[in-house]
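# Observations on the three-dimensional arrangement
Residue strings, one per chain:
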Amino acid sequence: MAALALATLVPAGTAAADSTVTRLHGDDRYGTSAAVADFVAPEGATVWVASGTDFADALTGAAAAGAQGEPILLVHPDRVPASVILELERIKPDRIMVLGGATAVSPKVVEQLTDHAPVTRVAGQTRYETAAAIADSFEQSSDTVYLAAGYNFPDALTGAAAAGASDSPVLLARTATALSAATEAALNDLQPSSIVVVGGPSVISRDLEEQLASQYAPVTRLAGADRYSTAVAISQKTPAGPERIYFASGLEFPDALAGAAAAAAEGSPVLLVRPDTVPGDVVTEVRRLDAEEVVVLGGPAAVSQDVANWTGTPTGAPPRPAPAPPVQSDLSAYDRQMVDIINTERAKAGVPALRYHAPLREGALAHSRLMLRTGSFAHATPEVMRDDTIAAGCGRGWGENIFHSWGRTTTDAAFAMQQYMNSPGHRANILDPGYRYVATGTVIEGTVLYNTQRFAGDC
């Protein structure tokens, strides 16, 4: 199996002797799918095959494969990679299920696959029809159906693992506000007793949620402020103490898709990370789960070694955070209190304290003044954020939180911080271990207060 790379890493600083991290990866997405299959699939298993160039077929197939304890391998539309051939030779599958039509997986590929086992194609004319056909292939009917966006992958990545773990199919919404005819027909055929919507209203609207509830079944929505916190919302259905959890990049789909089937087969959650940081909500969830093993999907370019090393620590004693550095004297009492509370919250989560960086305050204060002057309550544009952060001599990622008092208080920063911590997106910024610097800017006029928090990775 020379084309595969499987490395077991024991992170430095881990307190528990059995606290391990396993990285599964190959030279590319196809090799990584083979490495995952090699990790979980016994000889003689049925193998599911999907295109590695698009997410939709593999996403819905991961739930079906995982429900039956079977792996997914990724292929080029016109050829089978050498790493996948090697894995097929190891598994010696009893059959191969090809997901998607001839455009996704060509007849030439099917011909190559028949050298290894009988092939059955599960497909429709569109991704929505293919998802419906895969749902129909489930060996037993399910009371629950998961619905994810068919045009965007992040939220659906982790939803596929959860769906497979509960023997539930995944169907796709055509747009944020509409279903395809194929999805509607599948819902009518399946007649679920409940529907789980994956992702926030921007990917599946409130109106569509109401339509689903009125026409088909009661709806539960699993969502967070972004793809990372949505994965956490899904993971929170998993009881603490699983044998494994899976980590994958939230920026690309192939590694997470390969891992979704494996995670589903074990009832394990998939959590998303940035290539070089673990978002704050994910930090909290990993500590809650307290798994024996963390499986990192993909190579160091997808999930850095720093992130892989961190993931092992929650299974032992959490690291002691560094003491908060002193705040410079140019801050108001309000902003000084806010920085102190930020670092108090990070200490509770076992995340290192942020260092106050005065140049970041210029942009934060300017944005608070803009909101006061215009009466608006909106984040700075990405372009303004980038320019302000670079001007402050910072880089490698940045973030912003904003607060408006709405006339309720102007004297106590603890009130604002309570509102921040109650907001998943704001809380994620405050607890994000990838951020190392912070500054806040506050303007007050009568009973009106605007506050802006700015975060940066390197300054």
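The rules behind each value
Think of each chain on its own: its residues are numbered from 1, step by step along the sequence as written. Where totals are concerned, whole chains, interfaces and linings use all residues; where local detail is concerned, this predicted model gives features only for residues with pLDDT of at least 70, and gives and counts side-chain atom pairs only at 80 or more. The side-chain values count all of the structure's non-hydrogen atoms but skip hydrogen atoms and water molecules. Under the DSSP-based scheme used, a helix requires at least four consecutive residues in state H or I and a strand at least two consecutive residues in state E, with every element numbered from the N terminus. Residue exposure (1.4 Å probe, protein chains only): buried if accessible area is under 20% of the type maximum, exposed if over 50%, otherwise partly exposed. The contact definition used throughout considers only heavy atoms, calling two residues in contact when any of these lie within 4.5 Å. Throughout this description, the term salt bridge denotes a Lys or Arg side-chain nitrogen within 4 Å of a carboxyl oxygen of Asp or Glu. Here, any two strands with at least 2 DSSP bridges between them count as paired. An axis is simply a line fitted to the C-alpha atoms; with a helix, the fit covers only the stretch in contact. Between two such axes, the angle follows the N-to-C directions and lies from 0 to 180 degrees. Each residue gets a pLDDT score, which is the predictor's confidence in that residue and runs from 0 to 100. The directions from the helix axis to the C-beta atoms are what the arc is built from. Polar contacts, as used here, are pairs of N or O atoms within 3.5 Å; protein pairs need one atom able to donate a hydrogen and one able to accept it. Residues neighboring in sequence count only if both atoms are side-chain atoms. Put simply, two rings from Phe, Tyr or Trp (the six-membered ring, in Trp's case) pair if the centres are within 6.5 Å, and we call them stacked under 30 degrees between planes, edge-to-face over 60, tilted for the rest. Each ring is checked for a lysine NZ or an arginine CZ that lies within 6 Å of its centre and within 35 degrees of its normal; such an atom marks a charge sitting over the ring. Here a helix's expected span is defined as the number of its residues, less one, multiplied by 1.5 Å.

### Section: the overall build of the protein chain
Along its length, the protein chain carries 17 helices and 17 strands. Expressed as a percentage of the 459 residues in the protein chain, the buried residues total 58%. Pairs at least 24 residues apart make up 73% of the contacts formed inside the protein chain by residues separated by at least 6 positions.

### Description of the pattern of salt bridges
It is possible for side chains bearing opposite charge to pair when their charged atoms get close. Scanning all chains against the criterion turns up 16 salt bridges. The partner of Arg127 in a salt bridge is Asp54, with the nearest N and O atoms 2.5 Å apart. Separated by 73 residues along the polypeptide, Arg127 in helix H5 (residues 127-136) and Asp54 in the loop between strand E3 (47-51) and helix H2 (56-67) bring together distant segments of the chain. A salt bridge links Asp335 to Arg361, with the shortest nitrogen-to-oxygen separation between them at 3.7 Å. Separated by 26 residues along the polypeptide, Asp335 in helix H13 (residues 333-348) and Arg361 in helix H14 (residues 358-374) bring together distant segments of the chain. In terms of burial, Asp335 and Arg361 fall into one category: buried. Ionic contacts of the salt-bridge type, sharing partners, join the residues Glu243, Arg244, Glu266 and Glu293 into one network.

### Details of the pairing of strand E11 (residues 244-249)
Within E11, six of the six residues are buried, which leaves it mostly tucked inside the rest of the structure. Because side chains alternate across E11, one face comprises the buried residues Arg244, Tyr246 and Ala248, and the other comprises Ile245, Phe247 and Ser249, equally buried. Relative to strand E13 (residues 293-297), E11 runs parallel, the two being bridged by four bridges. Bridge pairing in E13 links Tyr246 to Val295. Here E11 runs beside strand E12 (residues 270-273); their pairing, made up of four bridges, is parallel.

### Here's the deal with the sheet that holds strand E9 (residues 194-198)
The pairing of strands in a sheet happens through backbone hydrogen bonds and is either parallel or antiparallel. Strand order in the open sheet formed by four strands is E8-E7-E9-E10, and the pairing between neighbours is parallel. Edge positions in the sheet fall to strand E8 (170-173) and strand E10 (219-222), since each of these pairs with one other strand and no more. On average, each strand axis in the sheet is tilted by 30 degrees relative to the strand beside it, whichever way the strands run. Pairing of E9 with E10, which is carried by four bridges, proceeds in the parallel orientation. Paired with Val198 across the two strands is Leu222, which belongs to E10. Along the sheet, helix H8 (residues 206-215) makes contact with strand E7 (144-149), E8, E9 and E10, crossing E10 at roughly 145 degrees.

### Quick look at the confidence of the model for the protein chain
As a general rule, the predicted coordinates of low-pLDDT regions are not to be interpreted in detail. Averaged over all residues, the pLDDT of the protein chain is 84; the fraction at 70 or higher stands at 90%. Under a pLDDT of 50 for its full length, residues 1-19 has, in the predicted model, 52 contacts with residues more than four places off or in other chains. Across residues 312-329, where pLDDT falls below 50, the model places 40 contacts with residues more than four positions away in sequence or in other chains.

### Overview of helix H7 (residues 181-190)
When we look at burial in H7, the residues that qualify are Ala182, Thr183, Ala186 and Leu187. Take H7 and look down its axis: the buried residues cluster within an arc of 135 degrees, on one side only. Residues of H7 that are exposed and angled more than 90 degrees away from the buried face: Ala181 and Asp189. Structurally, H7 contributes buried residues whose contacts are with H5, E7, E8, E9 and H8.

### A word on the environment of Thr440
Mapped onto the elements of the fold, Thr440 is located in strand E16 (residues 437-445). Overall, Thr440 belongs to the buried group, its relative accessible area being 0%. Thr440 sits 80 residues away from Leu360 along the chain, and the two C-alpha atoms are 7.9 Å apart. Of the polar contacts made by the side chain of Thr440, one reaches the side chain of Asp335; its length is 2.7 Å.

### So, the sheet that holds strand E6 (residues 119-122)
If you trace the four strands from one edge of the open sheet to the other, you get E4-E3-E5-E6, paired in parallel fashion. Across the chains shown, the open sheet's two edge strands, defined by having one partner strand only, are strand E4 (72-75) and E6. Averaged over all adjacent pairs, the angle separating strand axes in this sheet is 30 degrees, with direction ignored.

### A closer look at the packing of aromatic side chains
Inspection of every chain in the model, using the stated rule, returns three aromatic pairs. Ring centres of Tyr435 and Phe455 lie 5.5 Å apart, and the angle between their planes is 20 degrees; on these two criteria the pair is classed as stacked. In this pair, Tyr435 sits in the loop between helix H17 (424-431) and E16 while Phe455 sits in strand E17 (residues 448-458), placing the two residues 20 residues apart along the sequence. The pair formed by Tyr435 and Phe455 is uniform in burial state, with each residue classed as buried. Site record: aromatic cluster; members linked through ring pairs are Phe403, Phe415 and Tyr420. In this arrangement the basic side chain of Arg127 is found over the ring face of Phe55, its NZ or CZ atom lying 5.4 Å from the centre.

### Quick word on H13
Here H13 spans 23 Å end to end across 16 residues, near enough to the 22 Å set by a 1.5 Å rise per residue. Listing the buried residues of H13 in full gives Tyr334, Asp335, Met338, Val339, Ile341, Ile342, Asn343, Glu345 and Arg346. Gly350 lies just past H13 and shows a positive phi near 70 degrees.

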